[in-house]
Amino acid sequence: MFVSRRGFSTTAFLRDTTVCCKQIHESQCNQTTFIHSFSPCLLALAMAVNYGTRSLTQLAELPELHQMLRQTCRDYAEKELAPVAGQLDKNHTFPAKQVRELGAMGVMAVEVPESLGGAGMDYLAYSLAVEELSRGCASTGVIVSVNNSLYLGPVLAFGTEEQKQQWISPFTTGEKVGCFALSEPGNGSDAGAASTLARQEGDEWVLNGTKAWITNCWDASAAVVFATTDKSLKHKGISAFLVPMPHPGLSLGKKEDKLGIRASSTANLILEDCRIPLGNLLGQRGMGFKIGMQTLDSGRIGIASQALGIAQAALDCAADYAHKRTAFGAPIARLQAIQFKLADMAVALESARLLTWKAAMLRDAKKPYSKAAAMAKLAASEAATFVSHQAIQVLGGMGYVTDMPAERHYRDARITEIYEGTSEIQRLVIANQVLKEYQQ
Amino acid sequence: MAARVLVGVKRVIDYAVKIRVKPDNTGVVTDGVKHSMNPFCEIAVEEAVRLKEKKLVKEVVAVSCGPQQVQETIRTALAMGADRGIHVEVSGKDYDSLGPLQVSKILAALAKKEEASLIILGKQAIDDDCNQTGQMTAALLDWPQGTFASEVAVEGDKLKVIREVDGGLETIKINLPAVVTADLRLNTPRYATLPNIMKAKKKKITNVKPGDLGVDLTSRLEVLRVDEPPQRQAGVKVETVEDLVGKLKEAGRI
């Protein structure tokens, strides 16, 4: 909302906060005197001080814990992921061994409390982990992200204690991964128009329909499936269900042959009279759309982090090459054309990173974070495509061949602008939030 | 059964960094350069933690000598499974001239103070390649030593150590207390898990001054000059064997 992010003198702070409070107050209702509006401002000031301190220091330098985590994930990505990423991509191989190792490290369930087998850390830690891992292998990054944000996320937020025991604990070790089934062949962005149906028959739910573009599905042991329980209620008639995999009535379509992130499996999920116990309903009946949207809000931070990792890897590749490649008698790093490209790439990447960290920290502080998350995902995905595009340009011919990873980064980056909310949807979300702030 | 293990960890310039010599040739550039734990020290920590997991030792204590920054290195050891850390504060000129002799004196004093019965160190540091600290520490304590260890097994109150030597592998049996230095093939260090990184924050690091241990840090060595290795020259092609022999004689090689 309004936190003062400039200097940290108390007077400046008071001035900023009081100005902001005044603006909000003016915008919210009729003009009252400033003195009357001061007490809500005091509360706001207290909140802002608390939040402001944390956000300032964290944006300038990460806390030690997070630095250690980042370094560990970076080491793992450099030693275990980067060397095999090319092969994994070429052969479309699911990195089962790496996923198990990451599970043992706690990375497959970062936010899950220790009592359920997770690492019990915050979303900023998760974002750092996904970024560093994606820098090594973007496919592994998305597998980690989907398991954390899209599968464990909703169960953690909306599941009963019993559901958490059954559907979370086995999915923290890397032995099992989950997936998230919202999109359908007939609707992606138009999530409210779900045509997969769920009807109650005795003590079972019976699901029918097809879900499309489901990441992880060929390697998953469970899915969060969204289906309409009351077509007349439109999007308020959608509910979320937990479906084990494999399961009678559930089959998988052919693995999609994708442009990038090829080590992760993507396919249709086909439900034909798929019967699940009543207890597999996640949250309340009709809550599905809300669960979906809230989950995607968080998932956006994960995908933004993946995009950052891809962009960083592409920048690393380009900058390293610029030092080594000589043309016109000197390393191309001396040429301003290359320098300007690298500068633009670095700025795009760093600004997207700060947006992502901010979104993660807002979520950790339990503040509204939809706008920040949408901005992060938009900025990071567009940064990833921009940086990887320019990286190929810097590498020239070498960027076009599989000998260098630049072409893989280019292919991997492209999907980040599409899944978990297209860039167009992100813009709608952001515009919506911005306009709300200026509500007449 | 060794109750307490002391593991020495050294903060060195990361192995992947390209080293540059300072313009005044007094040393290498360390400002703003990425540092990390010496790889052989990582192997030493891993071995100590494994001994603890096998319940052959009760406590693993990580020790590092240096300025404030070495606390990061100690925390990494804690995240790998060490129980607590000791930071021996050495900074400025003392730190620049800190070498195996002083460190071994510090470790010997600490071993007595902490009543450690096993010291595990890396065989050498990748910055100075001295390969002396372990041996000196053992001598100062009058303890047996198992250096270049590629395998360590506890057998009652003795240690069986398989050492990598030029001729192959040598197996020795030494009494505890002892000093062991880790070689490359001793083990593969683990990645710190997130829960362990969190736990590391709560583990204690005590600060100690060398003076408290009665150690004199004066160095017997003085670094005169540091130079880059000579640039590799291009080779010369010759037509016949006679030419080759002639060139070699010219160069004074034969």
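These numbers were taken from a predicted model, which means no experiment stands behind them.

Draft legend 1. Representation of the overall build of chain B. What chain B contains, in helices and strands, is seven helices and eleven strands. Reported as C-alpha extents along the three principal axes, the dimensions of chain B are approximately 70 × 40 × 40 Å. By residue count, 45% of the 254 residues in chain B fall in the buried class. Considering only intrachain contacts with a sequence separation of at least 6, the fraction spanning at least 24 residues in chain B is 70%. If you sum the accessible surface of chain B, you get close to 14,100 Å²; carbon and sulfur atoms cover 51% of it. The average position of the 38 basic charges and that of the 35 acidic charges among the side chains of chain B differ by 6 Å.

Draft legend 2. Highlighting unusual backbone geometry. Here the bond from Met 245 of chain A into Pro 246 of chain A is cis, since omega is -5°, no more than 30 degrees from zero. For Pro 246 of chain A, the location among the structural elements is in the loop between strand E5 (238-244) and strand E6 (250-252). Of note, the amide linkage connecting Leu 176 of chain B to Pro 177 of chain B takes the cis form, showing an omega dihedral of 0°. Here Pro 177 of chain B lies in the loop between strand E9 (168-175) and strand E10 (178-182). Non-glycine residue Asn 25 of chain B carries a positive phi angle of around 55°. Here Asn 25 of chain B shows up in the loop between strand E2 (11-13) and strand E3 (35-37).

Draft legend 3. Representation of the pairing of strand E1 (residues 177-181) of chain A in the model. Residue and element names in this part refer to chain A. Along E1, five of the five residues are buried, which leaves the element largely enclosed by surrounding structure. Judged by which residues are buried, E1 turns out to be covered on both faces: Val 177, Cys 179 and Ala 181 on one side and Gly 178 and Phe 180 on the other are all buried. Relative to strand E4 (residues 220-228), E1 is paired through five bridges, and the arrangement is parallel. When the bridges of E4 are listed, Ala 181 appears paired with Val 225.

Draft legend 4. Spatial organisation of the UniProt feature "domain: Electron transfer flavoprotein alpha/beta-subunit N-terminal" (unreviewed entry) in chain B. Under the feature "domain: Electron transfer flavoprotein alpha/beta-subunit N-terminal" (unreviewed entry), the UniProt entry names residues 25-217 of chain B. For the annotated span residues 25-217 of chain B, helix accounts for 33% and strand for 30% of the residues, and the straight-line distance between the end C-alpha atoms is 24 Å.

Draft legend 5. View of the side chain of Glu 131 of chain A. Relative to the helices and strands, Glu 131 of chain A resides in helix H5 (residues 123-136). Non-local contacts of Glu 131 of chain A, meaning those with residues more than four positions away in its chain, are made with Arg 70, Ser 305, Leu 308, Gly 309, Arg 353 and Trp 357 of chain A.

Draft legend 6. Just the confidence of the model for chain A, in detail. Per-residue confidence for chain A gives a mean pLDDT of 88, with 86% of residues at or over 70. A low-confidence stretch, residues 1-53 of chain A (pLDDT under 50), is modelled with 39 contacts involving residues beyond four sequence positions or located in other chains.

Rules of the game
The numbering scheme is per chain: residues are counted from 1 as the chain's sequence reads. Chain letters and ligand numbers both follow the written order, the letters beginning at A and the numbers at 1. Since the coordinates come from a predicted model, pLDDT governs what is reported: local features require at least 70, and pairs of side-chain atoms require 80 or more to be given and counted, while whole-chain, interface and lining totals use all residues. Side-chain descriptors were evaluated using all non-hydrogen atoms of the structure, hydrogens and water having been removed beforehand. By definition, any uninterrupted DSSP run of H or I lasting at least four residues is a helix, any uninterrupted run of E lasting at least two residues is a strand, and each is numbered from the N terminus. Type-normalised accessible area, obtained with a 1.4 Å probe on protein chains alone, sets the label of each residue: buried when under 20%, exposed when over 50%, and partly exposed for intermediate values. For this analysis, residues touch if any pair of their heavy atoms sits within 4.5 Å. Throughout, the Shrake-Rupley method with a 1.4 Å probe supplies accessible areas, and for residues the shown protein chains are the sole cover considered. Residues scored as charged are limited to Lys and Arg (positive) and Asp and Glu (negative), so that His and the chain ends carry no count. All charge positions are set by atom: Lys at NZ, Arg at CZ, Asp at CG, Glu at CD. Paired strands, as defined in this entry, are two strands with at least two bridges between them according to DSSP. UniProt positions are given in the numbering used here, feature names are shortened, and annotations may be inferred rather than shown by experiment. Confidence of the prediction at every residue is given by pLDDT, a number between 0 and 100.

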